[in-house]
Structures are given as structure tokens and as C-alpha cells.
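The chain contents come next:
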Amino acid sequence: MAENENGQERSEEPTAKRVREAREKGQVARSREFNTFVMLMTGGTFLLLAGGGMGGQLSALVTDAWTLERALIYDPSLMIPHMEALVSRALFILAPLFIVLTVVAILAPIMIGGANFTAKAFAPKFSKLNPLTGIKRVFSVQGLMELLKGLGKFFLVGLVAGLAISTIWGSLIGLGEQPIDSAIVQTGRMATWVFLIASSALLVVAMIDVPFQLWNHQKQLRMTLQEIKDEFKETEGKPEVKGRIRQMQHEMARRRMMSEVPKADVVITNPTHYAVAIAYEAAAMRAPKLLAKGTDAVAAAIRELAKDNAITLVEAPRVARAIYFTTELNQEIPGGLFVAVARILAYVYQLKRDDPDAEIPGELPVPEEYLDPRSGRRARR
């Protein structure tokens, strides 16, 4: 099993981030054998289909090249334009073949590892200029495999080509009895077929190399458990940093919450462990809304802030606990607490009017399930 420089086993599948970074560096699965096979077969097929026309044009070009006018012989300055015209004609004749091979050379690698273009792949790697590194690569296991693969291709293609030639040997001997023009055409056609048959032998090599390259690429991207942990820390952040961020977020949320306490109509307490600040505007709200809540130290801070802003404090332990467990900040209280909170607000409004009949509410109806923290979420509207 592959190991990294620290001797740890790369036993884990690569993460999406590792694969993405590898692609950004130009590290994708590629098979040169597959590319070679596709290009040779495409080129041979193209020559088989269009080679007759191209051959005729090239034959005419050669004839024109050796048919020199008198002016060209006695004026050397005309030879350069003449050669330029011949080269231009040759390139124009061969252009379709070049275009087809160029397109195939681009598409063949995409069929294996997908399209991938990155500028990092063009960056110079000075480590490749080190002769010791090159010698080490040549005499490595990978270098030995490439040598054996090259020899195998040579013998395989040679064997198939030899067998193909042996089947048409009689026809090759018979070419000497044909007119020169037809013999040339027949020779080109037979050469193209031999080329295609010999190139098809590379299919065996490609069928072995493509799965191997895909497996080897995945193997090179494998990670150790420590690498996965380090990547997770880099992506998600270190636990202590995340804890500090959460602490700061909670502190900011608490400050925002405390800034809402002066807007409350009443603060209902436990009286010491819980405190909730309630506001209600008949014209803007369907039901009383929770502005702030807290336990212990936070509850004490809410009570102090309420006293400083002349907000009425009402001791109703069951109501305070029920609101704390069932209601989130800036949400309306659940329907099961409407009656209890309404009686508390009525008492508060009486105090604001200096009503001599104002009386602290007695027993307030609170459903038992609202007092259970585990069922608090189910009790919300």
C-alpha cells in the first residue's frame, strides 16, 4: 500500500478538495496508449477514405515540381517563389488530415480524464532539469514498466504487421506486372490496410493501460488519516478558533437581545433562575412577542436592565419557564400561554394607569408539556 514521506499508509479515498486541487495542478488520468491508438486508427481510416484523392493531388504536385520551365532554369531568383507555391499546395492538400488529427488529439485525452485546462500545468518545474532525478526516474520501477511496455508494443505491432503482409504477399509480387499508375494506387491502398491492421493491435495495449492509469491516478491521490484531519482543520477551522468565533457570535447576539429589553412591556421571572421580556402592541402584533430571555446571570442582567428602564417585573415561575422553553427570540408566544400572558399584561396596564384595583395574578394556566425542555419544540406553534 502506498505511503507518504512520513511512512503513513495512504489508505483513504481522496476528498473532493484533494481531487479539485489535483485537477488545478493538471494531475488527471491520462493514457498515452489510448491516445496513440485513437490517432493512428483515425489517421488510417481517413487515408483509406480520402487517400485516393490526396494521392492524386500529391502525384500531380510531384510532377509539377520536376517539370521546370526554361525561365526557372535560367533565373534562380524565380526558384524561391516556385518552391513556396509547391509547399503551399502540399500543405493545402494535407490540411484536412492535419485538422482531423488535431481534433482527435484534443478529444482523445478528454475521453479518459475529462476536459481540464490549467495554467499551473505550464509552469516550469526545475526539478525535472536535475539529471539525478532523471536517472532515478529511468531506473525506477515505473521506468522498467515503461520499457517493458514499449518492447511489448514493438513486438505486438511487428507481429501483427508481419501477419498482415504475409496475407497480401502474393498481391505485392503481382504489382510488378501492373502499369505504374495502377500499381502505385494499389500499393497505397494495401499499405493503408496494413497500417490499420497493425494499429488495431494497440487496442489490446490500450485496454490494459486505460484501467491501469485510472487505478494508478486514484492511488496517487489517496490520503492518510492525518492528511484528512489536517484538511478538515484547514477547511472548517481549528476547534479553538471555531469555539472563539461561536463565543463572539453568542456575545453579539446577547448584546442585541439586551438592547431589546427596554422595549418590553413586562419581564416575567422565576424569580431568580429565569427571566423573559415580553412586548405587545395590539395594532402591530397578533400575539405577545418574546424580546429577550435568559437563565441565571443573563436573567439577572435582564432584571437589572428592566429596573433601570422602569419596566414592571412580575413573578410567575411557571409562565417564565414555559415561555423560555417554547419560544425563540422575536417570535410570538404559543397559543397555550395566551391566557396566562394576557392576565399578566392586564395587570401591567392597570399599574400604568395607577388603577387601585390592580392585583397580582394568582394561579395562571400553563400546560404541563410546556414546562418540559424536551417537549418544548413540539409545543411551539
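Residues numbered from 1 in each chain as written. Predicted model: local features only at pLDDT ≥ 70, side-chain atom pairs only at ≥ 80, totals over all residues. Heavy atoms only, no water.

Undergrad: Account for the nonpolar core, with residues named and values stated.
TA: Residues I268, V319 and I323 are the most contacted members of the largest nonpolar core, which totals 25 residues. If you list the elements that add at least two residues to this core, you get β1 (266-269), β2 (274-279), α13 (317-326) and α14 (338-352). With six residues, the single largest contributor to this core is α14. Beyond its immediate stretch of four places on either side in the chain, I323 contacts I268, V276, I278, L290, L337 and V341. One finds M257, A264, L291 and A306 within the second-largest nonpolar core, a separate group that totals 14 residues. (Core = buried A, V, L, I, M, F, W, Y, C linked by side-chain atoms within 4.5 Å. Buried < 20%, exposed > 50% of the residue type's maximum accessible area, 1.4 Å probe, protein only. Helix = DSSP H or I, 4+ residues; strand = E, 2+ residues; numbered from the N terminus. Contact = heavy atoms within 4.5 Å.)

Undergrad: An account of the packing of aromatic side chains is needed here, citing residue identities and associated values.
TA: The full count for this structure, using the stated rule, is five aromatic pairs. The interplanar angle of 75° and the centroid separation of 5.4 Å between the aromatic rings of F154 and F155 together place this pair among those described as edge-to-face. Its relative accessible area of 59% is what places F154 among the exposed residues. Both rings, one in F212 and one in W215, keep their centres 6.0 Å apart while their planes meet at 40°; by these two values the pair is tilted. Here the residue F212 and the residue W215 both occupy positions in helix α9 (residues 202-221), the gap between them amounting to three residues, near one helical turn. Accessibility expressed as a relative area gives 33% for F212, which makes it partly exposed. Through successive ring pairs, a cluster of aromatic residues spans Y274, Y324 and F325. Against the face of Y324 rests K293, its NZ or CZ located 4.9 Å from the ring centre. (Phe/Tyr/Trp six-rings, centres within 6.5 Å; stacked < 30°, edge-to-face > 60°. Lys NZ or Arg CZ within 6 Å of the ring centre and 35° of its normal.)

Undergrad: Break down the packing of helix α2 (residues 32-66) against α9 for me, citing the residues and quoting the values.
TA: For the pair α2 and α9, the least separation of the axes is 8 Å and the interaxial angle reads 150°. As far as their axial angle goes, α9 and α2 are roughly antiparallel. As α2 packs across α9, the resulting crossing turns out to be left-handed. Contacts between α2 and α9 involve R32, E33, F34, T36, F37 and L40 from the first element and L202, L203, V205, A206, D209 and V210 from the second. Taken together, the residues of the contact of α2 with α9 sort by class into eight nonpolar, one polar and three charged. (Axes fitted to C-alpha atoms, helices over the stretch in contact; angles between N-to-C directions. Parallel < 35°, antiparallel > 145°, perpendicular 65-115°, else oblique. Left-handed = near helix turned anticlockwise from the far one by under 90°. Nonpolar A, V, L, I, M, F, W, Y, C, P; charged D, E, K, R; others polar.)

Undergrad: If you had to explain the pattern of salt bridges to someone new, which residues and values would you point to?
TA: Counting across every chain of the model gives eight salt bridges. With its nearest N and O atoms 3.4 Å apart, the salt bridge here joins R286 to E332. On the criterion of sequence distance, the pair formed by R286 in the loop between β2 and β3 (289-295) and E332 in the loop between α13 and α14 is long-range, its members being 46 residues apart. (Salt bridge = Lys/Arg side-chain N within 4 Å of Asp/Glu carboxyl O.)

Undergrad: An account of unusual backbone geometry is needed here, citing residue identities and associated values.
TA: Geometrically, the link from N270 to P271 is a cis peptide bond, its omega value of 25° lying close to zero. Here P271 shows up in the loop between β1 and β2. The backbone phi angle of D296 is positive, close to 50°, even though this residue is not glycine. With respect to the secondary-structure elements, D296 resides in helix α12 (residues 296-308).

Undergrad: Kindly report on the pairing of β1, identifying the contributing residues and their values.
TA: Here β1 shows no split at all, with V266 and I268 on one side and V267 and T269 on the other all buried. Remark: four residues form the turn of the hairpin made by β1 and β2, two consecutive strands paired antiparallel. In terms of strand pairing, β1 meets strand β4 (residues 312-315) through four bridges, oriented parallel. Considered in β4, the bridge of T269 is made with E315. (Pairing = 2+ DSSP bridges.)

Undergrad: Hey, could you go over the side chain of N270 for me, with residue numbers and the actual values?
TA: Position of N270 relative to the elements: it lies in the loop between β1 and β2. Judged by its relative accessible area of 14%, N270 falls in the buried class. Residues within four places of N270 in sequence aside, it is in contact with P317, A320 and R321.

Undergrad: Quick one: what's the story with the side chain of N35, residue by residue and with numbers?
TA: With respect to the secondary-structure elements, N35 resides in helix α2. Of the residues examined, N35 reaches a relative accessible area of 16% and is grouped as buried.

Undergrad: Go over the packing of α2 against helix α8 (residues 180-200), please, and point to the residues and values.
TA: At a minimum axis distance of 9 Å, the contact between α2 and α8 shows a crossing angle of 160°. The angle between α2 and α8 places the two elements in the roughly antiparallel class. Note that α2 runs across α8; the crossing there is left-handed. Here F37, L40, M41, G44, T45, L47 and L48 of α2 lie close against α8, whose contacting residues are T192, W193, F195, L196, S199 and S200. For the contact of α2 with α8, a count of residues per class yields eight nonpolar, five polar and no charged.

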